[in-house]
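The primary structure of each chain is shown beneath.
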Amino acid sequence: MITRFAPSPTGRLHLGHAYSAVLGRQKGGRWLLRIEDLDPGRARPEFVGGIREDLAWLGLAPDGAPIVQSERTHLYAAALERLRQMGLVYPCFCTRADIAASLTAPHGDAGSAYTGTCRGVADDPERRETTPHSWRLDSAKAIAAAGGVTGWQEDDGSRHEGTAAMIGDAILARKDAPSSYHLACVVDDADSGVSLVVRGADLRPSTPVQRLLQQLLGLPEPTYLHHPLVTHEDGRRLAKRDQAPTLAAMRAAGVDGRALAADLGVGILPTGYRLALP
Ligand code: GLU
């Protein structure tokens, strides 16, 4: 059993992160820490320090050195290149405004995030050289290349089918950002030998595309445990601006981190919070 805790250092950890970390740790086996710091606009080094402090306060020690995504971008670039060689990704020059406009056009498909404007357009390396663009997965072609069937398995034994509509033509990289969350996640999960992905149910919609990428890249298939999210008692999601549920604030208020971790491990939450499925 190898699990991982993969926070993005874009703020302080909160109760929801603690719950996820405790669930992963209590699965036994190796429990890895991965710092998902690929978003240069939002990731901050001081939050990496905060993550380590908060985990130590909870009494959770990751196995081995943390895996830091910003140090591994060559691996993501190599995976993207493989998909490119397979003809399964295409450059997309659409801006957010283009996409929004085509979605509101009378015949636009409001149900999908991307309308496919750049799909099937002949590659123009010169334009790529000079123009910002992203790389998208051609989801229909990719499912066909994976043998026509994709899907994943949850820890409770249930199997779930992935469809092109769920996957969409997901962005895998941008000219100025070497990898999207999806591509880096599958490369790292495989490289670390992760056998069980423990994460919040808010990330469940990411699973179809991640599973498909594993198939295309010939990577092993982990099992997934998408757990309920910690919310306020009234069901409101914990927001970045909520200070009270941050582990730093709880520590400052004198809460015992190890006792909190023990409670979370048996599904007991501090007063004012509960578990809910999104
Ligand atoms: N970095 C993601 C987050 O903080 C988690 C990704 C994952 O567990 O797959 O929400």
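About the criteria used
Residues numbered from 1 in each chain as written. Predicted model: local features only at pLDDT ≥ 70, side-chain atom pairs only at ≥ 80, totals over all residues. Heavy atoms only, no water. Near = heavy atom within 4 Å. Polar contact = N/O pair within 3.5 Å; in protein donor to acceptor, adjacent residues only side chain to side chain. Areas by Shrake-Rupley, 256 points an atom, 1.4 Å probe, with all protein chains shown as cover. Nonpolar A, V, L, I, M, F, W, Y, C, P; charged D, E, K, R; others polar. Phe/Tyr/Trp six-rings, centres within 6.5 Å; stacked < 30°, edge-to-face > 60°. Helix = DSSP H or I, 4+ residues; strand = E, 2+ residues; numbered from the N terminus. Buried < 20%, exposed > 50% of the residue type's maximum accessible area, 1.4 Å probe, protein only. Lys NZ or Arg CZ within 6 Å of the ring centre and 35° of its normal.

Chemist: Can you explain the site of the ligand? Please cite residues and give values.
Modeler: Surveying the vicinity of the ligand reveals the residues Arg-4, Ala-6, Pro-7, Ser-8, Glu-36, Tyr-181, Cys-185, Arg-199 and Leu-203. At 2.9 Å from a nitrogen atom of the ligand is found a side-chain nitrogen or oxygen belonging to Ser-8. Within the side chain of Tyr-181, a nitrogen or oxygen atom sits 2.7 Å from an oxygen atom of the ligand. Protein contacts shield 79% of the accessible area of the ligand, which totals 300 Å² for the unbound molecule. Across the shell around the ligand, the residue classes break down as 5 nonpolar, 1 polar and 3 charged.

Chemist: A description of the packing of aromatic side chains should follow, citing residues and the corresponding values.
Modeler: As enumerated under the stated definition, the model contains 1 aromatic pair in all. When the ring of Phe-5 is compared with that of Trp-31, the centres are 6.1 Å apart and the planes differ by 15°; the resulting orientation is stacked. With Phe-5 in strand β1 (residues 2-5) and Trp-31 in strand β2 (residues 30-35), this residue pair connects regions lying 26 residues apart in the sequence. In this pair, the class of Phe-5 matches that of Trp-31, namely buried. Of note, Arg-127 hangs over the ring of Phe-93, and the distance from its end group to the ring centre comes to 3.8 Å.

Chemist: Any chance you could break down helix α8 (residues 181-191) for me, citing the residues and the numbers?
Modeler: A large share of α8 lies buried, amounting to 8 of its 11 residues. The first or second residue beyond α8 is Gly-193, which carries a positive phi of 70°.

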